[in-house]
Amino acid sequence: MPRHTHIAPYSGPAGGWGSAKSVTKYMAEQGVMGRGGPILAKQNKPDGFACVSCAWAKPVPPHTAEFCENGAKATFWELTNKRTTPAFFAEHTITELQSWSDHDLEDAGRLTTPMRYNPATDKYEAVGWETAFATIGRELAEIREQDPRRVVFYTSGRASLETAYMFQLLARLYGNNNLPDSSNMCHESTSVGLKESIGVPVGTVTLEDFDHADALFFFGQNVGSNSPRMLHQLQEASDRGATIVSFNPLCERGLERFINPQNPVQMLTGSETTISREYHQVRPGGDIAVVIGMCRYLFEEDRRSGGVLDHAFLAEHTQGMDAFRDFVMAQSWVDLERESGLSRASIEGAAKIYASAKAAMVVYGMGITQHKLGVQAVQMLVNLLLLRGNIGRLGAGICPVRGHSNVQGQRTVGIAEKPELVPLDKLEELYQFTAPREKGTSTVEACEGIIDGSIDAFVGLGGNFLRAVPDHSRMEKAWPNMRLTVQIATKLNRNHLFNGKTAFLLPCLGRIEKDRQASGEQTVTIEDSTAVIRKSKAMAEPASPDLRSEPCIVAGIAKATLPPNPNVPWDAWVGDYGLVRDAIAKTWPDTFADFNRRMHEPHGFRRPIAASSRKWATPSGKALFKLPKSLNASFDDGTDPNVLRLITLRSNDQFNTTVYGYSDRFRGIEGTRDVLLMNEKDMARFGIADGQTIGLSTATDDNVERSLGGLRVVKYNIPEGSCAGYYPECNVLIPLWQHAEESMVPAAKSVPVRIMR
Ligand code: SF4
């Protein structure tokens, strides 16, 4: 049945009755009206399960309902009564399923049975677990004989700490560090940038800091759709008089107005909380120029009246401030205004708020990290905070908001392609093998390897790799050239419709489903955006008796592939995940000592983050001021009026590549995803009408044609010279080589494009 399309500005707040209705709607659509509610009540609770969607921190004590609209959708999506069975696959060829939308593929329901792709019938067919493991093991072992570097072990960011630890060990025992993960596509710029500047690859703030910040600055993050429970902290901050200032090309409703669905007065009266006191629509790729402008004001004001910069902190804890000041003072306001798209007055206004705050925090997302100079944009945010000593004290610090629920945690337990980030000596000692020391492939490098044929096999622990990466046409064409592809998943997605010569789709238990092993029901652990590690206890019966847990599947593949190693107790680990945690504690004793006891603390435990206590694990032992290469973070130099900067974004009805539905409520877009948000002046300049259907082509000179058609133009409040469309559909327009320097994060927030009629 065709969906009804309705596009009109949305006038309501974030949260409110809209969220309540949406939660009920999804509970009904997924057929979990009965058991959905009681399970939701345990979401993000100390004795419950950790949300499978984003990684936002979990307060203790929790609110009555400690879930947001999108967290509820993620839970119902996993709990759904719908099933994708062998009978389903018998009805549909893979070629036919390639015409299905991302939404319809996953909405078919939970996978129930291990499947193997049969090229002769172009269909998936049921296979036994042991047969699957044996075949996968044989293929991987043969490739290993040739060259173990030809295999990629990808992780999506959802698997638990226990699974991630086992998966990284599988790859290393196999002989490579090819462990790309979803953070390579989002916060790798954070991991690289913060590590260089302040010595840690993660944020420095805790939830408690939100209770003490006088001012919070948001850059390129859409809290209302991508970490909605943070609105509780922002509402409380706003109510107690803290000032929130937002920089974002789009006016995202969650950063403007909010009604707390758990506040009966607000719900009954419609009285809203204003979130941002100031909202600045920066040009995509213009954040570096904004922050330089703010720093310029601080330097000038400090020279004028003194007492603006924290000189004591700067002298004791930092390095490079003089060079940074000279760089900043050399930038002209003309250039800063052009590149930021904002006026001097706006930028200085924000700087005044910053200068008057005793404690200030910076919160950011992909709008900072997914640019050519994403790493340097992250470091500019650090520079701003260092000037007033806003790192390592209460109410202050830097807060990268992570996407996937355990993406940060996986990194913590060894999912990393850079060998220097992992204690390989300790792993060698514990498991008596020679660890690979060569750098492995990041996500972009894995893609390049699949295209040039140097990668011959892909083992995916969750995720929708082929849909999440750039350059879809080239990737989908190259993917079937691989000898082996193995996908471990809960639901069918587009990546599963492109297969290597031998291909398996292995259905696993979800995090919310009871996982019974030899020692009984298992509990797992995850790490949230604020580096707090806590347990997650399953609530629901498995969707199918034929599902296996992720640790069990990883062990099955490992045992079938690798020569026996008595030091690696795969079976014992599967029987009791507590033994995996003991192994993690032995590998990282400073962080995970007494892991099995501490995980049961109501608050969980926060792993030590040196910079949070002003210890700088940098070569100089100081926090470093870093200079950006340019005021413009994007690939487009802004000189060609026919080139627009495309922002790829998520709707309010999706999480990463998972599309729950077609309601981007806060942007007023219902029933379609084939849209292009455009600035009115640009539309007039190109002679395009609201509602007209056009296409885009990528403005590059690499002789590769990249285009996307069928986009309905929506007149939208977006900076001139930029436009916006949905991820992952628009990823076909992003060249693989257009990624952030140093971190290789795809530059998905400022893709240079031309209008195609
Ligand atoms: S804010 Fe994130 S972690 Fe919390 S319920 Fe929502 S989606 Fe889940």
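## Some points on the site of the ligand
Right, so step 1: By nearness alone, every residue bordering the ligand is listed as Gln43, Asn44, Cys51, Ser53, Cys54, Trp56, Phe67, Cys68, Gly71, Ser227, Pro228 and Arg229.
Right, so step 2: One can see that the ligand is located within the second largest cavity.
Right, so step 3: Its residues placed into classes, the shell around the ligand shows six nonpolar, five polar and one charged.

## Notes on the layout of surface pockets
Right, so step 1: Its boundaries defined by the atoms lining it, the largest pocket holds a volume of some 720 Å³.
Right, so step 2: Lining the largest pocket are 29 residues, and of these Lys195, Pro201, Thr412, Leu421 and Arg607 sit closest to its centre.
Right, so step 3: Contributions of two or more residues to the lining of the largest pocket are made by helix H9 (188-198), helix H21 (407-412) and helix H29 (589-592).
Right, so step 4: Looking at the lining of the largest pocket element by element, the count peaks at five residues for H9.
Right, so step 5: The class makeup of the residues in the lining of the largest pocket is 13 nonpolar, seven polar and nine charged.
Right, so step 6: Looking at which domains feed residues into the lining of the largest pocket, each of domain 1 (100-186 + 408-599) and domain 2 (188-401) gives three or more.

## Quick look at the sheet that holds strand S11 (residues 273-274)
Right, so step 1: If you walk across this open sheet you meet the three strands as S2-S10-S11, and the pairing is mixed. Two strands lie at the open edges of the sheet, namely strand S2 (14-15) and S11, each paired on one side alone.
Right, so step 2: Bridging between strand S10 (residues 257-259) and S11 involves two bridges; their strand directions are antiparallel. The partner of Phe258 across the bridge, within S11, is Thr273.

## Focus: empty space enclosed by the protein
Right, so step 1: Evaluation of the coordinates by the stated rule reveals three cavities of 30 Å³ or more.
Right, so step 2: Here the second largest cavity is characterised by a volume of approximately 120 Å³.
Right, so step 3: What lines the second largest cavity is a set of 18 residues, and nearest its centre among them are Ser53, Cys54, Cys68, Gly71 and Pro228.
Right, so step 4: Secondary-structure elements contributing two or more residues to the lining of the second largest cavity are helix H3 (69-79), helix H11 (223-226) and strand S26 (654-655).
Right, so step 5: Looking at side-chain class alone, the lining of the second largest cavity contains eight nonpolar, nine polar and one charged residues.

## Some remarks on the pairing of strand S31 (residues 693-698)
Consecutive side chains along a regular strand alternate between the two faces of the sheet.
Right, so step 1: Of all six residues in S31, five are buried, a share of seventy percent or more.
Right, so step 2: Looking at chain direction, S31 and strand S32 (residues 707-715) are connected through four bridges and run antiparallel. The residue bridging Thr693 from the neighbouring strand is Arg712, located in S32.

## Quick word on unusual backbone geometry
Right, so step 1: Residue Pro61 is reached from Val60 by a cis peptide bond, and omega for that bond is 0 degrees.
Right, so step 2: In this fold, Pro61 is placed in the loop between helix H2 (33-40) and H3.
Right, so step 3: Cis geometry is found at the peptide bond from Tyr727 to Pro728, where omega equals 5 degrees.
Right, so step 4: Along the chain, the position of Pro728 falls in the loop between strand S33 (722-726) and strand S34 (751-756).
Right, so step 5: Not every positive phi belongs to a glycine, and Gln432 is a case in point at roughly 50 degrees.
Right, so step 6: On the secondary structure map, Gln432 appears in the loop between helix H22 (424-431) and helix H23 (443-452).
Right, so step 7: A relative accessible area of 53% places Gln432 in the exposed class.
Right, so step 8: Phi is positive for Glu742, which is not a glycine, with a value near 70 degrees.

## Quick word on the pattern of salt bridges
Right, so step 1: Applying the stated rule across the entire model yields 57 salt bridges.
Right, so step 2: The salt bridge involving Asp147 is made with Arg149; its shortest N-O contact spans 3.0 Å.
Right, so step 3: With its nearest N and O atoms 3.1 Å apart, the salt bridge here joins Arg344 to Glu348. Of this pair, Arg344 and Glu348 both sit in helix H18 (residues 344-356), four residues apart, which is roughly one turn of the helix.
Right, so step 4: Owing to a relative accessible area of 34%, Arg344 belongs among the partly exposed residues under this scheme.
Right, so step 5: Glu348 gets classed as buried once you look at its relative accessible area, which sits at 14%.
Right, so step 6: Through salt bridges with shared partners, a single ionic network connects Asp181, Glu188, Arg411, Glu417 and Lys418.

## Notes on the domain arrangement of the chain
Interface size is often expressed as the accessible area that is lost when the parts come together.
Right, so step 1: Here the chain is described as being made up of domain 1 (100-186 + 408-599), domain 2 (188-401) and domain 3 (644-756).
Right, so step 2: Between domain 1 and domain 2, the C-alpha centre-to-centre distance is 36 Å.
Right, so step 3: Contacts between the two partners involve 10 residues from domain 1 and, on the opposite side, 13 residues from domain 2.
Right, so step 4: Summing both partners gives a buried area of about 830 Å² for domain 1 against domain 2, and 45% of it is carried by carbon and sulfur.

## Here's the deal with the nonpolar core
Right, so step 1: If you look at the biggest cluster of nonpolar residues, it comprises 61 residues, and the most contacted ones within it are Ile198, Phe217, Phe219, Phe247 and Met294.
Right, so step 2: Counting residues per element, this core draws most heavily on helix H14 (residues 287-305), which supplies 10 residues.
Right, so step 3: Setting aside chain neighbours within four positions, we find Phe219 in contact with Phe247, Asp287, Val290, Val291, Met294, Val362, Val363, Tyr364, Gly365, Ile368 and Leu381.
Right, so step 4: Within the second largest apolar cluster, 60 residues are counted, among which are Leu461, Ile553, Trp570 and Val574.

## Looking at the packing of aromatic side chains
Right, so step 1: Under the criterion given, the structure shown has 29 aromatic pairs.
Right, so step 2: A cation sits over an aromatic face here: Arg144 above Tyr174, 5.8 Å from the ring centre.
Right, so step 3: Over the aromatic face of Phe605 sits the side chain of Arg598, whose NZ or CZ is 4.0 Å from the ring centroid.

## Focus: the pairing of strand S21 (residues 523-527)
Right, so step 1: Of all the five residues making up S21, five are buried; the element is thus mostly covered by neighbouring parts of the structure.
Right, so step 2: Judged by which residues are buried, S21 turns out to be covered on both faces: Thr523, Thr525 and Glu527 on one side and Val524 and Ile526 on the other are all buried.
Right, so step 3: Note that S21 and strand S22 (residues 532-537) share five bridges and pair antiparallel. Each bridged residue has a counterpart across the sheet, and for Glu527 the counterpart in S22 is Ile533.
Right, so step 4: Connecting S21 to the antiparallel partner S22 that follows it, the hairpin turn spans four residues, and Ala531 within it adopts a positive phi of roughly 65 degrees.

## Here's the deal with the environment of Thr700
Right, so step 1: For Thr700, the location among the structural elements is in the loop between S31 and S32.
Right, so step 2: Exposure remark for Thr700: the relative accessible area of 23% places this residue in the partly exposed category.
Right, so step 3: It is 9.8 Å that separates the C-alpha atoms of Thr700 and Phe635, two residues lying 65 residues apart in sequence.
Right, so step 4: Reaching out from Thr700, the side chain makes a polar contact with the side chain of Asp702 at a distance of 3.2 Å.

## Some words on the environment of Arg158
Right, so step 1: Residue placement: Arg158 occurs in the loop between strand S7 (151-155) and helix H8 (161-174).
Right, so step 2: For the pair Arg158 and Phe88, spaced 70 residues apart in sequence, the C-alpha separation works out to 26 Å.
Right, so step 3: Beyond its immediate sequence surroundings of up to four residues, Arg158 is in contact with Val52, Glu78, His404, Ser405, Asn406, Gln410, Thr490 and Arg511.

Thresholds, definitions, all that
Residues numbered from 1 in each chain as written. Predicted model: local features only at pLDDT ≥ 70, side-chain atom pairs only at ≥ 80, totals over all residues. Heavy atoms only, no water. Near = heavy atom within 4 Å. 1 Å grid on protein atoms, 1.4 Å probe; cavity = no way out; pocket = protein on both sides within 12 Å on 5 of 7 lines; lining within 4 Å. Sits in = over half its atoms within 2 Å of the grid points. Nonpolar A, V, L, I, M, F, W, Y, C, P; charged D, E, K, R; others polar. Points joined across faces, edges and corners; volume = space filled by probe spheres on them. Helix = DSSP H or I, 4+ residues; strand = E, 2+ residues; numbered from the N terminus. Domains from an automatic or database assignment. Pairing = 2+ DSSP bridges. Buried < 20%, exposed > 50% of the residue type's maximum accessible area, 1.4 Å probe, protein only. Salt bridge = Lys/Arg side-chain N within 4 Å of Asp/Glu carboxyl O. Contact = heavy atoms within 4.5 Å. Buried area = accessible area lost by both parts, 1.4 Å probe. Core = buried A, V, L, I, M, F, W, Y, C linked by side-chain atoms within 4.5 Å. Phe/Tyr/Trp six-rings, centres within 6.5 Å; stacked < 30°, edge-to-face > 60°. Lys NZ or Arg CZ within 6 Å of the ring centre and 35° of its normal. Polar contact = N/O pair within 3.5 Å; in protein donor to acceptor, adjacent residues only side chain to side chain.

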